[in-house]
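# Secondary and tertiary structure notes
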Amino acid sequence: MAKILVVYVEPAFWEATRMVLEPAGHEVITATDGDDGLERSREEEPDLVILDVIMATVLDGLSMSQRMSEDPDQAGIPILMVTSIANSDYRELFPTDEYIHIDDFVSKPIAPDDLLNRVDRLLKRGQGA
């Protein structure tokens with residue numbers, strides 16, 4: 001079981017994520033913006049962060065992921081970013097390990113198995129496996 005921090009703007013995003021992760025045995029903790037997410041990450045020491053970055057919160061998401069990458073205690077925590085930014089090189093914009101475009105998550109909901117596979121892959125990477 002892993003502790004996963006979900007930083008979200010839309011409650012539907014958190015609910016959809018929780019409904020996939022909790023039945024798989026993961027503990028889901030939440031934050032509603034980047035500052036809260038960074039504080040929760042420091043307090044809770046999650047194994048993975050899932051960051052909801054829609055267009056309205058792109059700078060907040062950028063700030064959180066950048067600050068995590070610069071903090072020696074946070075830098076090793078994998079980040080899975082769900083974003084609405086189209087036609088961009090996500091890895092250049094955000095210090096993140098993997099991303100899912102929001103259209104694949106909400107409009108055409110990402111299959112639970114796909115989300116779990118991504119989460120498992122990042123958790124293994126974070127453990128040095």
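Criteria and thresholds
- Residues numbered from 1 in each chain as written.
- Predicted model: local features only at pLDDT ≥ 70, side-chain atom pairs only at ≥ 80, totals over all residues.
- Heavy atoms only, no water.
- Buried < 20%, exposed > 50% of the residue type's maximum accessible area, 1.4 Å probe, protein only.
- Helix = DSSP H or I, 4+ residues; strand = E, 2+ residues; numbered from the N terminus.
- Pairing = 2+ DSSP bridges.
- Right-handed = clockwise from strand over helix to strand, strands pointing away.

Below, the discussion takes up the pairing of strand β3 (residues 48-53). Counted residue by residue, β3 has six buried out of six residues, so it is predominantly covered. On β3, burial covers both faces: Leu48, Ile50 and Asp52 on one face and Val49, Leu51 and Val53 on the other are all buried. The pairing of strand β1 (residues 3-7) with β3 spans four bridges and is classified as parallel. Bridging from a neighbouring strand, Leu5 pairs with Val49 of β3. Summarising the sheet, β3 and strand β4 (residues 79-83) pair through five bridges and their orientation is parallel. The residue of β4 that forms the bridge with Leu51 is Met81.

Our next topic: the pairing of strand β2 (residues 27-31). Relative to β2, β1 is paired through five bridges, and the arrangement is parallel. Paired with Val7 across the strands is Ala31, a residue of β2. At this point the chain moves from β1, through helix α1 (residues 11-21), to the parallel β2, and the crossover so formed is right-handed.

Spatial relationships are all this shows, so hold off on functional conclusions.
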